[in-house]
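Each chain is listed here by its residues.
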Amino acid sequence: IFHIVGTLLGLFIQMSVWTALYTNRSAVNGITLPDMISYVIIMTAVRSLAVSSTEMRIADRVDSGTIALDFIRPLSLKLSMWATQLGENVYRILFGAIPACLLIGLVYGFSLAPLHRVALSFAAIVQGTLISFIISFMLGILTFWFKARWFPGFVKRAFFQLFAGSFVPLWF
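Residues numbered from 1 in each chain as written. Predicted model: local features only at pLDDT ≥ 70, side-chain atom pairs only at ≥ 80, totals over all residues. Heavy atoms only, no water.

## Section: the side chain of Asp 70
Assignment of secondary structure puts Asp 70 in helix H4 (residues 67-72). Judged by relative accessible area, Asp 70 falls into the buried class, the value being 5%. A polar atom in the side chain of Asp 70 sits 2.8 Å from the side chain of Arg 61. Dropping the residues within four chain positions of it, Asp 70 is found in contact with Arg 61, Leu 75 and Leu 77. (Helix = DSSP H or I, 4+ residues; strand = E, 2+ residues; numbered from the N terminus. Buried < 20%, exposed > 50% of the residue type's maximum accessible area, 1.4 Å probe, protein only. Polar contact = N/O pair within 3.5 Å; in protein donor to acceptor, adjacent residues only side chain to side chain. Contact = heavy atoms within 4.5 Å.)

## Comments concerning the pattern of salt bridges
Counting across every chain of the model gives six salt bridges. Note that Asp 70 and Arg 61 form a salt bridge whose closest N and O atoms lie 2.8 Å from each other. Judged by its relative accessible area of 25%, Arg 61 is partly exposed. Ionic contacts of the salt-bridge type, sharing partners, join the residues Glu 55, Lys 156 and Arg 157 into one network. (Salt bridge = Lys/Arg side-chain N within 4 Å of Asp/Glu carboxyl O.)

## Digging into the environment of Thr 23
Turning to its location among the elements, Thr 23 is positioned in the loop between helix H1 (2-21) and strand S1 (27-28). For the pair Thr 23 and Leu 106, spaced 83 residues apart in sequence, the C-alpha separation works out to 21 Å. Here the side chain of Thr 23 touches Ala 20 through a polar contact of 3.0 Å, landing on its backbone oxygen.

## Structural notes on helix H2 (residues 33-50)
For H2, built from 18 residues, the straight-helix expectation of 26 Å at 1.5 Å per residue is met to within 8% by its first-to-last C-alpha distance of 25 Å. Inspection of H2 places Met 36, Ile 37, Ser 38, Tyr 39, Val 40, Ile 41, Met 43, Thr 44, Val 46, Ser 48, Leu 49 and Ala 50 among the buried residues, and these make up the whole buried set. Of the surrounding elements, those touching the buried residues of H2 are H1, strand S2 (31-32), helix H5 (77-108) and helix H6 (115-141). (Expected span 1.5 Å × (residues − 1).)

## Observations regarding helix H7 (residues 151-163)
End to end, H7 covers 18 Å across 13 residues, agreeing with the expected 18 Å (1.5 Å per residue, within 8%). Residues of H7 that are buried: Pro 152, Gly 153 and Lys 156. Along the axis of H7, the buried positions cluster into a sector of 95 degrees, meaning they face one direction only. Contact partners of the buried residues in H7: helix H3 (54-64) and H6. Looking at the residues trailing H7, positive phi occurs at Gly 165, about 75 degrees. (Arc of directions from axis to C-beta.)

## Some details on the packing of H2 against H5
Taken N-terminus to C-terminus, the directions of H2 and H5 make an angle of 170 degrees; their axes are 8 Å apart at the nearest point. Taken together, the axes of H2 and H5 lie roughly antiparallel to each other. For the pair H2 and H5, the contacting residues are Ile 37, Ile 41, Thr 44, Ala 45, Ser 48, Leu 49 and Ala 50 in the first and Asn 89, Arg 92, Ile 93, Ala 97, Cys 101, Ile 104, Gly 105 and Tyr 108 in the second. Here the residues of the contact of H2 with H5 sort into ten nonpolar, four polar and one charged. (Axes fitted to C-alpha atoms, helices over the stretch in contact; angles between N-to-C directions. Parallel < 35°, antiparallel > 145°, perpendicular 65-115°, else oblique. Nonpolar A, V, L, I, M, F, W, Y, C, P; charged D, E, K, R; others polar.)

## A look at a nonpolar patch on the surface
Side chains of Leu 69, Phe 71, Ile 72, Leu 142, Phe 144, Trp 145, Phe 146, Trp 150, Phe 151 and Phe 154 sit close together on the surface and give an oily, nonpolar patch of about 1,100 Å² of accessible area. For the nonpolar patch, the secondary-structure elements that each account for two or more residues are H4 and H7. Looking at which element gives the most residues to the nonpolar patch, the answer is H4, with three residues. On the secondary structure map, Trp 145 appears in the loop between H6 and H7. (Patch = residues over 30% accessible without salt bridge, like charges linked within 9 Å, V, L, I, M, F, W, Y side chains within 5 Å. Areas by Shrake-Rupley, 256 points an atom, 1.4 Å probe, with all protein chains shown as cover.)

## Section: the packing of H1 against H2
Contact pair H1 / H2: the axes reach a minimum separation of 10 Å and the direction vectors enclose 155 degrees. Here H1 lies roughly antiparallel to H2, going by the angle between them. Judged by the twist between their axes, the crossing of H1 over H2 is right-handed. Residue-level inspection shows Thr 7, Leu 11, Gln 14, Met 15, Trp 18 and Thr 19 of H1 in contact with H2, the latter providing Leu 33, Met 36, Ile 37, Val 40, Ile 41, Thr 44 and Arg 47. (Left-handed = near helix turned anticlockwise from the far one by under 90°.)

Encoded structure:
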């Protein structure tokens, strides 16, 4: 329930900011407020699906020494981390993002794109999720050489939020 409340709070803050920015304006650069609300709702769902904390999981295992057990298991460390991350993302989207996005969509309104665009977007999201995991895994492996274990994950999240257009669209 805390995940839903946190997602709702983040969505509400973003909706309030965009509503305030669109006050006394019908459109900014051809983008209307309903378009921006749909964008924020979709980006919240995509962010919940594509986020990866593998680098922190590996750093915790390096700190505790349990990474040695992971290396001697017959299952690949990368596949094990991928399965764990996939499970977390599915849980996050099913029990956090979807209920929150549906509730905000009912309150503020929401419009979907044509079906062919949704299908292409889904394919891009799957590929983006895989790329996010691979980047997180590589940064996690770097924790063998860094003393500050939080640094790679912090930098990755900052770059993803800045360059992914999750808060401010790239075309805005």
